[in-house]
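One-letter residues, chain by chain:
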Amino acid sequence: MNFKGIGASPGIALGKALVLKEAELVIERKSIHDVQAEINKLEDAVKISKEELVKVKEKAFNELGEHEAQIFEAHLLVLEDPELLDSTIAKIQDEKVNSEYALNEVKETFVSLFESMDNEYMRERAADIKDVTNRILRHILGVKVVDLANLDEEVILVAHDLTPSDTATMNKKMVLGFLTDIGGRTSHTAIMARTLEIAAVVGLSSATETIKDGDFIVFNGTTGEVIVNPSEEVIENYRDLKKEYEDYKESLKLLKGQQTITLDGRHVELAGNIGSPKDVEGLINNDAEGVGLYRTEFLYMDKEDAFPTEEEQYEAYKAVLEGMNNKPIVIRTLDIGGDKELPYFDMEHEMNPFLGYRAIRICLDKTEIFKTQLRALYRASIHGKLRIMFPMISSLEELLKAKEVVSEVKEELTKEGIKYSDDVEVGMMIEIPSAAVISDILAKHVDFFSIGTNDLIQYTCAVDRMNQKISHLYNQFNPAVLRLIKMVIDNAHKEGKWVGMCGESAGDSNMIPILLGFGLDEFSMSPISILPSRKLINSLSYKEMQEFANEILSMGTSEEIKEYIDKKFNR
Ligand code: PEP
Ligand code: MG
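What you see is a predicted model; the values in this text were computed from it and never measured. Every chain is numbered independently, its residues counted from 1 as its sequence is written. Lettering of chains starts at A and numbering of ligands starts at 1, both following the order in which they are written. Local features in this predicted model are restricted to residues whose pLDDT is 70 or higher, and side-chain atom pairs enter the listing and the counts only when it is 80 or higher, whereas totals over whole chains, interfaces and linings include all residues. As a rule here, side-chain values come from all non-hydrogen atoms in the structure, and water together with hydrogens is ignored.

Chemist: What's the story with the overall build of the protein chain in this structure? I'm lost.
Modeler: Of the regular secondary structure elements, the protein chain holds 23 helices and 16 strands. Only C-alpha atoms enter the radius of gyration, while the globule expectation follows 2.2 Å times N to the 0.38, with N the number of residues. Computed over its C-alpha atoms, the radius of gyration of the protein chain comes to 26 Å, within 12% of the 25 Å expected for a compact globule of 571 residues. Dimensions of the protein chain, computed from the C-alpha atoms along their principal axes, are close to 85 × 70 × 40 Å. Three exposure classes are used, based on accessible area relative to the maximum for each residue type with a 1.4 Å probe and protein chains only: buried under 20%, partly exposed in between, and exposed over 50%. By residue count, 54% of the 571 residues in the protein chain fall in the buried class. Using the Shrake-Rupley algorithm and a 1.4 Å probe, accessible areas are obtained, with residue cover drawn only from the displayed protein chains. With the model as given, the accessible surface of the protein chain reaches about 25400 Å², and the carbon-plus-sulfur share is 50%. The charged-residue count follows a simple rule in which Lys and Arg add positive charge and Asp and Glu add negative charge, with His and chain termini not counted at all. By convention, the point assigned to a charge is CZ for Arg, NZ for Lys, CD for Glu and CG for Asp. Put simply, the protein chain has 66 plus and 100 minus side-chain charges, and the middle of one group is 4 Å from the middle of the other. A run of H or I in DSSP becomes a helix once it reaches four residues, and a run of E becomes a strand once it reaches two; helices and strands are each numbered from the N terminus.

Right, dumping it as structure tokens:
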């Protein structure tokens, strides 16, 4: 059986499938005679659940830190709550019913009680109760539980989608690859797979329906080809491809420590995109020349019940600045909303969340959240070379307001006698067409721009970047997008400001020659793309790419542009 999806993270994977499906818990009411046997069943399931949770908590603590471990601590507390278990046992005894039915009834009562409370924190506890009781129910019913933190054999994960907590808790050494039903090259799972250097294909539509646990899979994370239960010949072929890919990766190591410079001497900066201080290791392994985008929202999304404190943020920013040894680090202020939610921050349901209350709009409305982050950033600025960047700026007013808050924060810190660097560059993302169009004006008020093509494409072409049905319209070679990019670079350069790009196009081998020709100064990408991009740029002539990019600007369709690139580079 063959599938074709979107190649989201390079690499060749061969292995057994592990399909992650939310197991259905079928709960029936049964009358029982042996009360003690039911109570024993319940107590055994609780005991196993407890042992599991203790192990997961320890693993999370050792590998991810205290904060992540707290989620499981909360689950253990629910498990140890006598109310829950005593009520279940009483129900078994009084009504002579089976243990899973009794537990499920008690669960529903507790969950609706907590969900109806005024207090946000208490409402959140309903989710913990559901999680824990479902874990016990699965053990009573003998439903297999996939524990990603404790995988004991190598697998290819097949899922509808992977959540940030799946990717954070999984035992990465045992995961050979990801396959998902939904998502595109810029979805969370795709970006995460590249950061973790795990091969992945996304947007397969029905992988979880068609692939069964234990099926043997081979796939190519670049082309998006997936084959289920292939012939011995195909397996051999994929083994060769895997070896070839590994040799290629090995050969890239020779580029470590080298400069990124075209044949005719134009230098550009190759930086990495990260979501947490833990990703710094991947940047160093891939010889990143800096960080072009630190997505701080994961720091906020990892928290269960409150915004990260100034101190917590300071520690994270300091860790990245110090970890990267004085290389420039662009830290983006909070970009929440759209598809990224916070459990402790009530956001009303919106018709169009990507066009709604998000990112800088929230920060300028709730300035206390913004100020806490800016204080942490400026305090951390003494530990390295910090650049601050605002996301989702759509007008000059927003930029000026954001800069005003920056000035207030700096004044406050000065008054409090707290040190910060005088040398922090302040820039903004260009990811909304209205900002691109007035980039000549905006350029006068910033130190740099970073172009966010992931959003710029979706807003310019009115194509939801998460919607697979229209993914053929989400195209980086759209002439309108290319013209906007060129315009932004020219406008910034006229004001003497540098321009980077941190959208996924910056690491795309088809886009790099054009972007180089447009004069882009900094390319920021998944760490895994850095060395291949250096190899490519070092083989190109800037002058030739300028001419090539100019020709492309005169073309009317993305097909024509893509064909021209393929022809030029023999692809
Ligand atoms: C972008 O929009 O290109 C970008 C880098 O931001 P994000 O993918 O986090 O929206
Ligand atoms: Mg964006």
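Chemist: Whenever I open this one, the site of ligand 1 confuses me. Can you help?
Modeler: Nearness of a residue to a molecule or strand requires only that one of the residue's heavy atoms be within 4 Å of it. Around ligand 1 sit 13 residues, and of these Arg 295, Arg 332, Gly 452, Asn 454 and Arg 465 come closest. Within the side chain of Arg 295, one N or O atom sits 2.8 Å away from an oxygen atom of ligand 1. Within the side chain of Arg 332, a nitrogen or oxygen atom sits 2.8 Å from an oxygen atom of ligand 1. Isolated, ligand 1 exposes 290 Å² of accessible area, and the fraction of that covered by the protein chains is 99%. Those elements giving two or more residues to the shell around ligand 1 turn out to be β10 (291–295) and α18 (453–461). Among the elements that line the shell around ligand 1, the one with the most residues is α18, at 3 residues. Each residue gets one label: Ala, Val, Leu, Ile, Met, Phe, Trp, Tyr, Cys and Pro are nonpolar, Asp, Glu, Lys and Arg are charged, and the others, such as Gly, are polar. Looking at the shell around ligand 1 residue by residue, the classes come out as 3 nonpolar, 4 polar and 6 charged. Identification of polar contacts relies on pairs of N or O atoms within 3.5 Å, with a donor-acceptor requirement for protein atoms, meaning one able to donate a hydrogen and the other able to accept it, and with residues adjacent in sequence counted only if both atoms are side-chain atoms.

Chemist: What am I meant to see in the packing of aromatic side chains here?
Modeler: The relative placement of two aromatic rings is captured by the distance of their centres and the angle of their planes. Between rings of Phe, Tyr and Trp, where Trp is taken as its six-membered ring, a pair exists when centres lie within 6.5 Å; planes separated by under 30 degrees are stacked, by over 60 edge-to-face, and by other angles tilted. A complete count under the given rule lists 10 aromatic pairs for this structure. Measuring from centroid to centroid gives 6.0 Å for Tyr 294 and Tyr 317, while their planes differ by 80°, and the two rings are edge-to-face. In this pair, Tyr 294 sits in strand β10 while Tyr 317 sits in helix α12 (residues 310–323), placing the two residues 23 residues apart along the sequence. Of the two residues examined, Tyr 294 and Tyr 317, each falls in the buried class. For the ring pair Phe 548 and Tyr 564, a centre distance of 5.6 Å and an interplane angle of 25° mean the geometry is stacked. Remark: Tyr 564 occurs in helix α23 (residues 558–568) and Phe 548 occurs in helix α22 (residues 542–553); sequence separation between them is 16 residues. Grouping aromatic residues by their ring pairs yields a cluster made of Tyr 300, Phe 307, Tyr 344 and Phe 345. Either the NZ atom of lysine or the CZ atom of arginine qualifies as a charge over a ring when it sits within 6 Å of the ring centre and within 35 degrees of the ring normal. One cation-aromatic arrangement involves Arg 266 over Tyr 542; the distance from NZ or CZ to the ring centre is 4.8 Å. For the cation-ring pair, Arg 379 lies above Tyr 314, with the distance from its terminal atom to the ring centre recorded as 4.2 Å.

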